[in-house]
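# A closer look at the structure
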Amino acid sequence: MAKPEGRHIVKRLPKRADYDRETINAILDEGMICHVSFVVDGQPFMIPTIHARDGDHVLLHGLKGGRMLKHLEAGHDVCIAVTLLDGLVLARSAFHHSMNYRSVVLFGKGQEITDEEAKMAAMKRFVDHLTPNRWDSLRPVTDKEIKATSIVAISIDEVAAKVRTGPPSDDDEDYELPIWAGLLPLSLTAGEVEDDPVLNAGIERPDHVEGFDPATRYKNS
Ligand SMILES: Cc1cc2nc3c(=O)[nH]c(=O)nc-3n(C[C@H](O)[C@H](O)[C@H](O)COP(=O)(O)OP(=O)(O)OC[C@H]3O[C@@H](n4cnc5c(N)ncnc54)[C@H](O)[C@@H]3O)c2cc1C
C-alpha cells in the first residue's frame, strides 16, 4: 500500500496519529482555544485565539483589520493547532518524562464569510462552542457588530490528530529502580461561578452556567 503523503501526515511516532474525523472533531470541539501560525513577509507569527467548528470547517473570527484576519481573508496558508493536556507522565528517567495529550494540527487557507446571515450563524457557533445554549439568551447582535467582525472558514481537510495515553514507557532496566513513576492526570475544570457585581437583582443563573463542564460541554451544543 502507498504511504500516505502530505504535510499533515505524522512521521514522528506515527502510532500516535489518528486521522479519524470523529476523533479530530471531538478534539476541535473540546478545545476552547487554538494557536494559528502564519508567515507574513518572511516573519512567522503564532497567535492564540478562539475557534469553533461548523461541520467540515474551522471558523476563526476577530475585529476587522487585524494582521491575522487580513492574512486569512486574503486566502493565504495557515496552520492551526488545538491541544488538550490530559496529564503529566512521570517516568523513572528524565528522558522518558512525557505528557498525555490529544492534539490536532490543521493546514489550510481561509475563506472569508461575507453573507450577513452566514456571519451571524458563525457568531452563534463561537458563543455556543464555549457555552452551549447561551446564544439564544443574549441581546441580538447588531448590523454594526456584524460589520465590525471578520469571520473566516478553513476546511478541515489536511488534518491529523496525535494522541498519547497510558503510563510511562521506561527503559527495561529502569523498571527495577526504586523510583516512583506514574501518571498525574490533569483536566480543565470550572471554578466557582461569580455573578457580575452590577448584575440586576432577580436574574437567575442560567443552566448553561450552573451545570458548565468544560470537558463535556460540547456534547450538549
Ligand atoms: C502537550 C504536548 C507536549 C509535547 N511535548 C513535546 C516535547 O517536549 N518535545 C517534542 O519533540 N515533541 C513534543 N510533543 C509532540 C509534538 O507535538 C510533535 O508531534 C513532535 O515534536 C514531532 O514534531 P515533528 O514536526 O518532528 O513531527 P512530524 O511527524 O515530522 O510532523 C509531520 C506532521 O505531523 C503533524 N503533527 C505533528 N505533531 C502533531 C501533533 N502533536 N498533533 C497533530 N498533528 C501533529 C503535523 O501536521 C506535522 O506537519 C508534544 C505534543 C503535545 C500535544
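Heads up: these notes are all about the structure in this document. (Residues numbered from 1 in each chain as written. Predicted model: local features only at pLDDT ≥ 70, side-chain atom pairs only at ≥ 80, totals over all residues. Heavy atoms only, no water.)

## Focus on the overall build of the chain
Counting its secondary structure elements, the chain contains five helices and nine strands. For the chain, the succession of helices and strands along the chain, N to C, is β-α-β-β-β-α-β-β-α-α-β-β-β-α. C-alpha atoms of the chain, sized along the principal axes, occupy 65 × 50 × 35 Å. A burial count over the chain gives 34% of its 221 residues as buried. (Helix = DSSP H or I, 4+ residues; strand = E, 2+ residues; numbered from the N terminus. Buried < 20%, exposed > 50% of the residue type's maximum accessible area, 1.4 Å probe, protein only.)

## Concerning the packing of aromatic side chains
One pass over the structure, following the stated rule, counts one aromatic pair. Ring centres of Phe38 and Phe45 lie 5.6 Å apart, and the angle between their planes is 20 degrees; this geometry places the pair in the stacked category. (Phe/Tyr/Trp six-rings, centres within 6.5 Å; stacked < 30°, edge-to-face > 60°.)

## Observations concerning the site of the ligand
The immediate surroundings of the ligand are formed by 15 residues, with Arg7, Lys11, Arg12, Ser103 and Lys162 found nearest. A distance of 2.7 Å separates an oxygen atom of the ligand from a polar atom in the side chain of Lys162. Burial of the ligand by the surrounding chains reaches 56%, relative to a free accessible area of 860 Å². Put simply, the parts of the chain that give the shell around the ligand at least two residues each are strand S6 (98-113) and strand S8 (158-164). For the shell around the ligand, the element with the most residues is S6, which contributes six residues. When its residues are assigned to classes, the shell around the ligand shows eight nonpolar, three polar and four charged. (Near = heavy atom within 4 Å. Polar contact = N/O pair within 3.5 Å; in protein donor to acceptor, adjacent residues only side chain to side chain. Areas by Shrake-Rupley, 256 points an atom, 1.4 Å probe, with all protein chains shown as cover. Nonpolar A, V, L, I, M, F, W, Y, C, P; charged D, E, K, R; others polar.)

## Here we look at helix H3 (residues 116-130)
With 15 residues, H3 ought to run about 21 Å at 1.5 Å a step, and its terminal C-alpha atoms sit 22 Å apart, in line with that. The inward-facing, buried residues of H3 abut helix H1 (21-30), strand S3 (43-54), strand S4 (57-63), S6, helix H4 (143-148) and strand S7 (149-155). Capping of H3 at its N-terminal end is provided by Asp115; its side-chain oxygen lies 3.2 Å from the backbone amide nitrogen of Glu117. (Expected span 1.5 Å × (residues − 1). Contact = heavy atoms within 4.5 Å.)

## Description of the side chain of His8
Considering the arrangement of structural elements, one finds His8 in the segment before strand S1 (17-18). A relative accessible area of 18% means that His8 is categorised as buried. When neighbours within four sequence positions are excluded, His8 is seen to be in contact with Tyr19, Phe107, Glu158, Val159 and Ala160.

## What to know about unusual backbone geometry
Backbone geometry places Leu13, a non-glycine residue, at a positive phi of 50 degrees. Within the chain, Asp41 stands out as a residue other than glycine whose phi angle is a positive 50 degrees. Along the chain, Asp41 falls in the loop between strand S2 (33-40) and S3.

## As for the nonpolar core
General note: in soluble globular proteins, nonpolar side chains tend to be found buried as a group. In this structure, Val36, Leu60, Leu72, Ile80 and Ile154 are the most contacted members of the largest nonpolar core, which totals 22 residues. Among the elements of the structure, H1, S2, S4, helix H2 (67-73), strand S5 (77-90), S6, S7 and S8 are those that each provide at least two residues to this core. The element best represented in this core is S5, accounting for four residues. In this structure, Ala52, Met123, Trp135 and Ile151 belong to the second largest nonpolar core, which totals ten residues. (Core = buried A, V, L, I, M, F, W, Y, C linked by side-chain atoms within 4.5 Å.)

## Description of the pattern of salt bridges
Applying the stated criterion across every chain yields a total of 16 salt bridges. The shortest N-O distance in the salt bridge between Asp86 and Arg102 comes to 2.8 Å. Residue Asp86 is located in strand S5, and its partner Arg102 is located in strand S6; the two are separated by 16 residues in the primary sequence. In this structure Asp86 comes out as partly exposed when scored by relative accessible area, which is 24%. By relative accessible area, which is 24% here, Arg102 ends up partly exposed. When the shortest N-O distance is used, the salt bridge between Asp128 and Lys124 registers 2.9 Å. One end of the pair, Asp128, and the other, Lys124, are both in helix H3, four residues apart, so they sit about a helical turn from each other. Note on Lys124: relative accessible area 32%, which makes it partly exposed. Among the charged side chains, a salt-bridge network with shared partners connects Arg7, Asp77, Lys109 and Glu158. (Salt bridge = Lys/Arg side-chain N within 4 Å of Asp/Glu carboxyl O.)

Just distances and angles here, no functional claims.
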